Amino acid sequence: MSRHTDYSSLEQIQTTGAAAPKPLLTLSDAVALIVGIVIGAGIFQTPALVASQAGSDIAVLLLWLAGGLVSIVGALCYAELATTYPNVGGVYYYLKRAFGQKIAFLFAWARLTVIQTGSIALLAFVFGDYASEILRLGTFSSSVYATVVIVLLTILNIVGLQQGKWTQNLLTVAKVLGLLLVVVFGLGATANSVAPIESTPPGSWGLAMVFVLLSYGGWNEAAYISAEIQNRQRNIVRSLVWSIGIITAIYLLINLAYLRGLGLANMADSSAVAADLMRTIWGTPGALFISVLIAICTLGAINATIFTGARTNYALGQDFTLFGFMGSWRQLPSTPGTALLVQGAIALALVLLGTFTRKGFETMVDYTAPVFWFFFLLSGISLLILRRKEPHILRPFRVPFYPVTPLLFCAVCGYLLYSSVVYTNVGAVVGVLVVIAGIPILFWNRYRQGKA
C-alpha cells in the first residue's frame, strides 16, 4: 500500500455512515478549547499546595515552569499521533492500532464511565460550590447547580458544533481576562503591602509536581478534535504549542502575583489563595469577584470536557454493536447527539453519587486519577509501538529526539500513576472496579457479534 493511500484511508475509516465529522474548527477554536479545559479550578486550589512543598519563591516558579515543559513533551508525542492518525476517537483509535480492540474498548469504557464523566461531575461540583457563594439554592445548592449546568451545556452541544464552539471561545476569553486582572492587581500591590521574598523548609518536590501537573491536565483533549480541525497537519501542532505556552505564561504570572501579594508562608497556609489575595486588595468585593471568576473558569472547562468526551463515545459506537446507538453523527449540526446524551446521563448519576457522599470534589478526584494516568501511560507507549509496527506510514509531524521524548513522557505518566494510587482513597478503588466491569461487557459484545 502506498503512503498516500494509507493516509487517505485513515480519514475514511472514521465512519461507515453518510454523516461524518467535518473540519469546521479553526486554530483559534482549538486553542480556546484546550485552554478552556486546562484552566479550570486547579489554578485556584493547587498553588497553595505547591507552595507548601517548594521551600522558596524561586522554587515555586521553577516548579510551574517545569510543569509547562513536561506538558510540551507530552504534547509533542500527541501531535505525532494526532497528525498521523486523524480520527474523532483520538486515543481510542491510537490504542486500537497499537494494542488491539480489547484495550481500546476498555479505554473507551473507562472514558465513558470514569475519566470524562467523572471530570464533568468534578468540575460541576466546583462550579456549584462557587455559584452557591453568589446565590445559595438551599441545602443541596452545589448539586442543584451541578445538575443544571450539565443539562444546559449538554443540550447546547447537541444543538450544534457552532453553538458549542462559540460558547467555548467566549468563556475562554472571559476566564483569561479575569485571570489577567488578578495578575495585574496582585503585581500592582502597593509597596507597603508587597510581601518580602521568603523561604520555608522544603517539602517534596515530587509531590509538588503531582499538583502542578494536575493543573496542567487536559491538553491531551486535542486528540479528539483531530478529525474536525482545519489544516490538521499544521494546526494540531500549533494549537498544542500555543495553548500550553499561553497556559504556562498565565500560571507563572498568577503564582508571581500570589507570592507578591501574600508571601510564600501565607500562600502555603491559605485554603483559598486567590480569594485571600483579592480580599487583601479589595476586601469583600474582591472575594466575590474571585467566586464569579472561578465559576466562569469551571463553566468553560465543563463545556470543553463535554464537547471532547462525546467524540470517544461516538467512536465506541462505531466499532461495537452493543454501543451502536452512540455511533450516529447528526450531519446538520455536526454533533454526536446520542453520545452526548449518554455522557450527560452518566455525569448526572455521578453528581448524585457525590451528593450522597457529600465529598463531591474529593470523591471525583479519587475516582478518576489512577484510571486516567494508566491510559495516559498507554497512549505514550502506543507511539513507540506504532513507530515499529507501522514504519512506512506518512507522518506529517515526527516527535523530535525520538525515542527520548516519548520515553520521558512515559516515565512522567508512570510516576503520576504511582502517586495517584498512593495519595487517593476508596474512590480510586471504585473507579478501577468500574473499568474492570467493562471486561464482561466486552466479551458479551463479542458473543453478540459472533451470533450476528
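Residues numbered from 1 in each chain as written. Predicted model: local features only at pLDDT ≥ 70, side-chain atom pairs only at ≥ 80, totals over all residues. Heavy atoms only, no water.

Time to look at the nonpolar core. Counting 139 residues, the largest nonpolar core has Phe-44, Trp-219, Tyr-251, Ile-302, Phe-323 and Phe-375 as its most contacted members. Among the elements that take part in this core, helix H6 (residues 101-134) stands out by supplying 19 residues, more than any other. Setting aside its immediate chain neighbours within four residues, Phe-323 contacts Phe-105, Trp-109, Leu-112, Leu-316, Gly-317 and Ile-441. (Core = buried A, V, L, I, M, F, W, Y, C linked by side-chain atoms within 4.5 Å. Buried < 20%, exposed > 50% of the residue type's maximum accessible area, 1.4 Å probe, protein only. Helix = DSSP H or I, 4+ residues; strand = E, 2+ residues; numbered from the N terminus. Contact = heavy atoms within 4.5 Å.)

Now for the side chain of Thr-83. In this structure, Thr-83 sits in helix H4 (residues 57-84). Among the polar contacts listed, one links the side chain of Thr-83 to the backbone oxygen of Ala-79, at a separation of 2.7 Å. (Polar contact = N/O pair within 3.5 Å; in protein donor to acceptor, adjacent residues only side chain to side chain.)

Moving on: the state of the cysteines. Under the counting rule described, the total for this entry stands at 0 disulfides. Not part of a disulfide, Cys-410 finds its nearest cysteine sulfur in Cys-413, a span of 6.4 Å. Looking at Cys-413, the relative accessible area reads 1%, which means it is buried. (Disulfide = S-S within 2.5 Å.)

A few words on helix H10 (residues 232-262). Helix length check: H10 (31 residues) gives 44 Å between terminal C-alpha atoms against 45 Å at 1.5 Å per residue, within 8%. Among the residues trailing H10, Gly-263 stands out with phi positive, at a value near 90°. (Expected span 1.5 Å × (residues − 1).)

A cluster of nonpolar residues, Ile-134, Leu-135, Leu-137, Phe-140, Val-144, Val-148, Leu-152, Leu-288 and Val-292, forms a patch on the protein surface that exposes about 760 Å² of accessible area. Of all the secondary structure elements, the ones that give two or more residues to the nonpolar patch are helix H7 (141-159) and helix H13 (284-319). In terms of residue count, H7 provides more of the nonpolar patch than any other element does, 3 residues in total. By secondary structure assignment, the location of Ile-134 is in helix H6. Its relative accessible area of 42% is what places Ile-134 among the partly exposed residues. (Patch = residues over 30% accessible without salt bridge, like charges linked within 9 Å, V, L, I, M, F, W, Y side chains within 5 Å. Areas by Shrake-Rupley, 256 points an atom, 1.4 Å probe, with all protein chains shown as cover. Salt bridge = Lys/Arg side-chain N within 4 Å of Asp/Glu carboxyl O.)

In this section: unusual backbone geometry. Here the bond from Tyr-402 into Pro-403 is cis, since omega is 5°, no more than 30 degrees from zero. Within the secondary structure, Pro-403 sits in the loop between helix H15 (360-389) and helix H16 (404-423). The phi angle at Phe-401 is positive, at roughly 60°, despite the residue not being glycine. Following the sequence through the fold, Phe-401 ends up in the loop between H15 and H16. According to the relative accessible area criterion, Phe-401 is exposed, its value standing at 70%.

Next up on the list: helix H12 (residues 273-282). Val-273, Ala-274, Ala-275, Leu-277 and Met-278 are the residues of H12 that are buried. Looking one or two residues beyond H12, the residue adopting positive phi is Gly-283, at roughly 80°.

On to the packing of aromatic side chains, then. Considering all chains together, one arrives at 21 aromatic pairs under this definition. Ring centres 6.2 Å apart and planes at 40° place the aromatic pair Trp-64 and Tyr-216 in the tilted group. Pair noted here: Trp-64 is in helix H4 and Tyr-216 is in helix H9 (residues 205-216), with a separation of 152 residues, a long-range link. Assessed through its relative accessible area of 2%, Tyr-216 is described here as buried. The interplanar angle of 80° and the centroid separation of 5.0 Å between the aromatic rings of Phe-372 and Trp-373 together place this pair among those described as edge-to-face. With relative accessibility at 8%, the residue Trp-373 sits in the buried group. Three or more aromatic residues joined by ring pairs form one cluster here, namely Tyr-78, Trp-219, Phe-372, Trp-373, Phe-376 and Phe-409. (Phe/Tyr/Trp six-rings, centres within 6.5 Å; stacked < 30°, edge-to-face > 60°.)

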